[in-house]
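Close look at the chain arrangement
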Amino acid sequence: MKIAFVASEVVPFAKTGGLADVAGSLPKEIKEFGHDIKVFMPKYFSVDEKRFGLEYISWIGSIPIRVSGRSLDVHFHKGYLPNSRVEIYFIDYPRFFHRHTIYTNDIDEDERFILFSKAVIELIQKLKWKPDIVHLNDWQTGLIPLLIKDNYSWDKIFNKTATVFTIHNIGYQGSFPKETLYKAEINPRFFESPGQVEHEGKLNFLKAGISFTDIITTVSETYARELLLPEYSFGMHHVLNYRSEDFYGILNGIDYNIWNPETDKHIPHNYSIKDLSGKLENKKELLKHFGLAFNGNIPVIAVISRLAVQKGFDILLSSMEYLMSLNFQLVLLGSGEYEYESAFNALANKYSHKFGIYVGYNNDLSHLIEAGADMFLMPSHYEPCGLNQIYSLKYGTVPIVRKTGGLADTVKDWDEMSALGKDTGNGYSFTDYNGYALTNAVERSIRDFHNKPVWKKIQTNGMNEDFSWKRSAEKYINLYKKASRK
Ligand code: ADP
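Overview of helix H14 (residues 363–372)
- With eight of 10 residues buried, H14 lies mostly within the body of the structure.
- Regarding H14, the residues found buried are Leu-365, Ser-366, His-367, Leu-368, Ile-369, Glu-370, Ala-371 and Gly-372.
- Against the buried residues of H14 lie helix H11 (277–289), strand S14 (300–307), strand S15 (329–336), strand S16 (355–359), strand S17 (375–378) and helix H15 (388–394).
- Near the N-terminus of H14, the side chain that reaches the backbone nitrogen of Asp-364, with its oxygen 3.2 Å away, is that of Asn-362.

Some points on the packing of aromatic side chains
- This model, assessed by the stated rule, comprises 23 aromatic pairs.
- Measuring from centroid to centroid gives 5.2 Å for Phe-190 and Phe-212, while their planes differ by 85°, and the two rings are edge-to-face. Of this pair, Phe-190 sits in helix H6 (residues 189–192) while Phe-212 is found in helix H7 (residues 205–212), placing the two residues 22 residues apart along the sequence.
- Taking relative accessible area as the criterion, Phe-212 reaches 11% and is therefore assigned buried.

Side note on the domain arrangement of the chain
- Domain parsing of the chain yields domain 1 (2–253 + 470–485) and domain 2 (277–466).
- Relative to domain 2, the C-alpha centre of domain 1 lies at a distance of 33 Å.
- Facing the 20 residues of domain 1 at the interface are 19 residues of domain 2.
- Roughly 1400 Å² of surface becomes buried between domain 1 and domain 2 when both sides are summed, with 52% attributable to carbon and sulfur atoms.
- When the buried area of domain 1 at its contact with domain 2 is split by residue, Thr-222, Tyr-232 and Leu-251 rank highest and sum to 27% of it.
- The tally of links between domain 1 and domain 2 comes to 10 residue pairs in polar contact (both at pLDDT 80 or more).
- The set of elements that each furnish at least two residues to the side of domain 1 that touches domain 2 consists of helix H1 (18–32) and helix H8 (221–226).
- Tallying contributions element by element places H8 first for the side of domain 1 that touches domain 2, with four residues.
- Residues belonging to the side of domain 1 that touches domain 2 are distributed by class as follows: six nonpolar, nine polar and five charged.

Here we look at helix H12 (residues 313–323)
- Within the span of H12, buried status applies to Phe-313, Ile-315, Leu-316, Ser-319, Met-320 and Leu-323. One side of H12 holds all its buried residues, which, seen down the axis, span an arc of 155°.

Re the environment of Ala-208
- Tracing the backbone shows Ala-208 in helix H7.
- Dropping the residues within four chain positions of it, Ala-208 is found in contact with Gly-142, Leu-143, Gln-196 and Val-197.

A few points about the packing of H12 against helix H13 (residues 338–350)
- At a closest axis distance of 11 Å, the pairing of H12 and H13 adopts a crossing angle of 20°. With respect to each other, H12 and H13 are oriented roughly parallel. The crossing of H12 and H13 is left-handed. Residues Phe-313, Asp-314, Leu-316, Leu-317, Met-320 and Glu-321 of H12 form the contact with H13, whose own contacting residues are Tyr-340, Ala-343, Phe-344, Leu-347 and Lys-350.
- Across the contact of H12 with H13, the residue classes break down as eight nonpolar, no polar and three charged.

Describing the environment of Glu-383
- You can see Glu-383 is positioned in the loop between S17 and H15.
- Along the primary structure Glu-383 and Ile-63 are separated by 320 residues, whereas in three dimensions their C-alpha atoms are 39 Å apart.
- When sequence neighbours within four positions are dropped, the list of residues in contact with Glu-383 reads Tyr-223, Gln-310, Lys-311, Met-378, Thr-404, Gly-405, Gly-406 and Leu-407.
- A polar contact is formed between the side chain of Glu-383 and the side chain of Lys-311, at a distance of 3.0 Å.

Considering the site of the ligand
- Around the ligand lies a shell of 19 residues, among which Gly-18, Arg-306, Lys-311, Gly-360 and Leu-387 are the nearest.
- Lys-311 places a polar side-chain atom, nitrogen or oxygen, 2.8 Å from an oxygen atom of the ligand.
- Looking at the shell around the ligand, the elements that each hand over two or more residues are H1, S14, S15 and H15.
- Residue composition of the shell around the ligand, grouped by class: six nonpolar, nine polar and four charged.
- The two domains that each donate at least three residues to the shell around the ligand are domain 1 (2–253 + 470–485) and domain 2 (277–466).

Side note on the pairing of S17
- Burial along S17 is two-sided: the residues Met-375 and Leu-377 and Phe-376 and Met-378 are all buried.
- As paired elements, S14 and S17 share two bridges and run parallel to each other. Residue Ala-302 lies in a different strand from S17, and its bridge partner there is Phe-376.
- Here S17 runs beside strand S18 (residues 398–402); their pairing, made up of four bridges, is parallel. Bridge pairing links Leu-377 to Ile-400 in S18.
- In this fold, the crossover linking S17 to S18 by way of H15 has right-handed handedness.

Digging into the layout of surface pockets
- Estimates place the volume of the second largest pocket at around 270 Å³.
- Looking at the second largest pocket, the residues that line it are Leu-276, Lys-279, Leu-280, Lys-283, Gly-296, Gly-372, Asp-374, Phe-449, Lys-452, Trp-455, Lys-456 and Gln-459.
- Here the residues of the lining of the second largest pocket sort into four nonpolar, three polar and five charged.

A closer look at the sheet that holds S18
- The parallel open sheet is built from six strands, whose spatial order is S16-S15-S14-S17-S18-S19. Pairing within the sheet leaves two strands with one partner each, and these edge strands are S16 and strand S19 (428–430). Mean inter-strand twist for the sheet, computed between neighbouring axes without regard to direction, equals 15°.

Reading guide: rules and limits
- Residues numbered from 1 in each chain as written.
- Predicted model: local features only at pLDDT ≥ 70, side-chain atom pairs only at ≥ 80, totals over all residues.
- Heavy atoms only, no water.
- Buried < 20%, exposed > 50% of the residue type's maximum accessible area, 1.4 Å probe, protein only.
- Helix = DSSP H or I, 4+ residues; strand = E, 2+ residues; numbered from the N terminus.
- Contact = heavy atoms within 4.5 Å.
- Polar contact = N/O pair within 3.5 Å; in protein donor to acceptor, adjacent residues only side chain to side chain.
- Phe/Tyr/Trp six-rings, centres within 6.5 Å; stacked < 30°, edge-to-face > 60°.
- Domains from an automatic or database assignment.
- Buried area = accessible area lost by both parts, 1.4 Å probe.
- Nonpolar A, V, L, I, M, F, W, Y, C, P; charged D, E, K, R; others polar.
- Arc of directions from axis to C-beta.
- Axes fitted to C-alpha atoms, helices over the stretch in contact; angles between N-to-C directions.
- Parallel < 35°, antiparallel > 145°, perpendicular 65-115°, else oblique.
- Left-handed = near helix turned anticlockwise from the far one by under 90°.
- Near = heavy atom within 4 Å.
- Pairing = 2+ DSSP bridges.
- Right-handed = clockwise from strand over helix to strand, strands pointing away.
- 1 Å grid on protein atoms, 1.4 Å probe; cavity = no way out; pocket = protein on both sides within 12 Å on 5 of 7 lines; lining within 4 Å.
- Points joined across faces, edges and corners; volume = space filled by probe spheres on them.

Next comes the structure, spelled out in structure tokens:
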């Protein structure tokens, strides 16, 4: 099959979250199965041509792309996903994509991704490459199924093309005033007919994707079920229920070439399931990094996260005073909403002997934390898939999570499994979204940390789990086939 994989962020070129990790690894895995897959993304300021060996596509030169009635000259570059033969094409329009951040609140945010969407379609035309599947991701690409089915339906190149649309996080929808319709040249009748692209009086890119794509997926089975409920869907449950027969959950895999304690180049001491002594050495390094004292009997609990309400920081903050009375050390790496940054900074000052914080984005440090911490806390309100708990399992860093979305699909509560007579638990989880349930799970984990044989078993269960991409890639390929048949 020929597959165009379209995403607004791709590791290692640009990343704000899990979507970039998926876009950087899933296409390689699909290529391994013998399919012809090409990736498409915007060329942001941060995409360094020299470093990544990108080539300007001179035979194409520029293509005029119409946005808001103006013709904008877009250029293209080509490269490869690292360590692979997967081609990646960059849509180059500096006036839109050379900004301080990947996503903005600028008034032309709609135009940026209208341009991206149309440029991807017109580049495919120019390449004379007839895709069987166009795989879209999140709201930034949500208009593409409709554009292909309507605006570009005259082009025979797309007459056998099916689309798959993956929701990585329903909290971000790309909602713009009705005028955006005209900027994108979308036929207003799609806005008028109820429930297709309009939501609460606005043009909703995500809803357009859900309405017009052949198959919809999201990044875990539990999240797929949750999205049918008003509580989790941010208003999209009606359209998702309407399309529920074409809606699937596929858990993300992780790239064990990057996230593997045996080979991780970012950590000072590699280790494996057979010999965890390196993990203890990493713990010493980690505590040194944060200026905290090492004591083998005191567990270190870690948090690495965007500091956003989605991630459960309201219930964590409300429990902090109590948690700080318990005997553990806390390290937190994150950046995001100002109110959380300042609240955690203040707490780290107050409890400087046991709470270390790094506000910002730091990839090296995230590896050291995974390697050095004893537990990993992820109390998310909702979590489409979540990656850090899966990394944690591999690193023998026992996850403590709220039972939602992908967290529910990857973490098995030790006590819950024990009650069933099984010793297969790999972490701790709690259901109720409140500080009491959270601290209860933390306290259970601290209790077991001091029971060495039990702790070793929980760590080993986690390290033995396999969440590599291969299985998930096979599921995507099956859905591609299903979409093609539709
Ligand atoms: P989301 O995509 O909702 O942010 P995920 O758990 O799916 O959450 O993915 C988050 C990714 O971003 C992980 O790879 C995580 O390690 C990384 N990450 C988040 N915050 C930071 C940070 N401050 N520094 C380094 N890496 C971070």
